[in-house]
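Close look at the chain arrangement
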Amino acid sequence: MNRDEIVKLLDDSGLGAYREAIASWIFPSHQLHLQPAQEEQFPIGSSKVGGRPDLPPDVEWPMWKDYPQSFLAQINLADIPPAHGLPSQGLLSFFYAVQGMFEDSEFYGDPDTCRVIYTPAERLDELTRRPAPDDLQEEFTLKPNRVDFVPTLSVPPSESAFLESLGLGWNSNRKDFDKYWRTFLKSFNKRQSAGNCIHRFLGHADPIQGDMQFSCEMHTQGLSWEDIRESEAERQRVQQSALGWRLLLQIDSEEEKTGMMWGDVGRVYFWIKEEDLSAQRFDRVVCEMQCC
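Presented here is an overview of the structure given in this document. Just so it is clear, the model here is predicted, and its values are computed rather than measured. (Residues numbered from 1 in each chain as written. Predicted model: local features only at pLDDT ≥ 70, side-chain atom pairs only at ≥ 80, totals over all residues. Heavy atoms only, no water.)

**So, helix H1 (residues 3-12)**
Turning to H1, its buried residues number three or more, namely Ile6, Val7, Leu9 and Leu10. Projected onto a plane normal to the axis of H1, the buried residues spread over an arc of 155 degrees and lie on a single side. Seen from the buried face of H1, the exposed residues on the opposite side, beyond 90 degrees, are Asp4, Lys8 and Asp12. Check the buried side of H1 and you find it contacts helix H2 (19-23), strand E10 (145-154) and helix H5 (174-192). Where H1 begins, the capping side chain belongs to Asn2, and its oxygen is found 3.2 Å from the backbone nitrogen of Asp4. Of the residues flanking the end of H1, it is Gly14, one or two places downstream, whose phi is positive at about 80 degrees. (Buried < 20%, exposed > 50% of the residue type's maximum accessible area, 1.4 Å probe, protein only. Helix = DSSP H or I, 4+ residues; strand = E, 2+ residues; numbered from the N terminus. Arc of directions from axis to C-beta. Contact = heavy atoms within 4.5 Å. Polar contact = N/O pair within 3.5 Å; in protein donor to acceptor, adjacent residues only side chain to side chain.)

**Description of the packing of aromatic side chains**
Evaluated as defined, the whole model comprises 17 aromatic pairs. A ring pair is formed by Trp61 and Phe95, whose centres lie 5.4 Å apart and whose planes are at 75 degrees; its orientation type is edge-to-face. Pair noted here: Trp61 is in the loop between strand E3 (54-55) and strand E4 (63-64) and Phe95 is in strand E7 (residues 91-96), with a separation of 34 residues, a long-range link. No difference in accessibility class separates Trp61 from Phe95, as the two residues are buried. One aromatic cluster is present, built from ring pairs that chain together Trp64, Tyr67, Phe94, Tyr96, Phe107, Tyr108, Trp262 and Phe270. Here the basic side chain of Lys48 rests over the ring of Phe42, its NZ or CZ set 5.2 Å away from the ring centre. (Phe/Tyr/Trp six-rings, centres within 6.5 Å; stacked < 30°, edge-to-face > 60°. Lys NZ or Arg CZ within 6 Å of the ring centre and 35° of its normal.)

**Brief notes about the packing of helix H6 (residues 213-221) against helix H8 (residues 232-242)**
Axis separation between H6 and H8 bottoms out at 8 Å; the angle between their running directions is 110 degrees. When the axes of H6 and H8 are compared, the pair comes out roughly perpendicular. Helix-helix and strand crossings are classified by hand; for H6 and H8 the assignment is right-handed. Residue-level contacts link Gln213, Phe214, Glu217, Met218 and Gln221 of H6 to Arg235, Arg237, Val238, Gln239, Ser241 and Ala242 of H8. Counted by class, the contact of H6 with H8 contains 4 nonpolar, 4 polar and 3 charged residues. (Axes fitted to C-alpha atoms, helices over the stretch in contact; angles between N-to-C directions. Parallel < 35°, antiparallel > 145°, perpendicular 65-115°, else oblique. Left-handed = near helix turned anticlockwise from the far one by under 90°. Nonpolar A, V, L, I, M, F, W, Y, C, P; charged D, E, K, R; others polar.)

**Focus on the pattern of salt bridges**
Side-chain pairs of opposite charge can arise whenever the charged atoms involved come near each other. In total, this model carries 21 salt bridges according to the counting rule given. As a salt-bridge pair, Arg19 and Asp11 come within 3.0 Å of each other at their nearest N and O atoms. In this structure, Glu275 engages Lys273 in a salt bridge whose closest nitrogen and oxygen atoms are separated by 4.0 Å. Classification of Lys273 by relative accessible area gives buried; the value is 11%. Taken together, the shared-partner salt bridges in this structure form one network comprising Glu39, Lys48, Asp54 and Arg129. (Salt bridge = Lys/Arg side-chain N within 4 Å of Asp/Glu carboxyl O.)

Right, here's the structure in full:
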């Protein structure tokens with residue numbers, strides 16, 4: 001669907017009153033279609049999911065506590081059209097504390113369980129393929145996959161800071177909220193044919209359990225749900241600030257290709273604030289994992 005078709009679908013779904021706001025949140029995105037491949041088939045610095053990362057020699061392997069993080073993916077930015085806030089060239093490498101997820105009770109609720117490393121274009125010739133650390137068990141590594149980028153447009157999920165800012169949610173305007181997720185999203189997803197397994201770069205997340213923008217903001221500010229319940233002004237402040245969170249990467253449980261499942265058929269989501277994306281502050285990325 002193109003932008004005009006999505007706006008028309010909003011009108012047809014009885015959501016014309018929100019057309020301008022929701023149309024401004026139609027974000028370009030790329031679905032990642034995976035094809036299993038052998039490690040030696042990948043040129044240094046090419047886009048892939050799983051396998052071994054390509055890193056400059058002075059970059060240390062990311063850790064969470066005493067756990068070496070698992071390499072999830074690397075995206076060569078020259079493989080996609082220029083996107084708002086992103087450099088047009090360079091390599092983004094994504095790591096996640098998979099072993100800690102299975103072994104450490106303090107993993108959940110910690111926003112620092114991931115690492116994103118940006119290698120600028122002028123340093124790509126320094127990249128070398130790095131073996132995993134000896135203490136990273138093989139069961140916590142992903143098998144290598146070639147990536148095909150499929151451009152698409154995405155819209156806010158029903159449970160998001162965007163919809164909440166319009167007064168649409170389970171505890172507010174249920175009539176129009178139901179129109180959004182029962183009528184509009186149902187038709188949109190059917191026409192987009194995204195499939196059940198969705199790896200995504202940029203755009204809007206495909207959540208399993210609900211809004212993550214709000215929880216990202218709470219985690220980074222060190223707030224609890226008690227803090228929010230006790231102060232409506234605090235909840236409003238957090239909600240407004242949560243609008244700035246953007247999806248950077250979403251990796252699904254495609255176990256037959258990657259050898260990895262996130263919890264019970266879950267997904268891992270890398271999030272970044274819009275101003276940090278523009279400033280290339282990838283050290284401020286946080287992660288959420290959701291599953292069934």
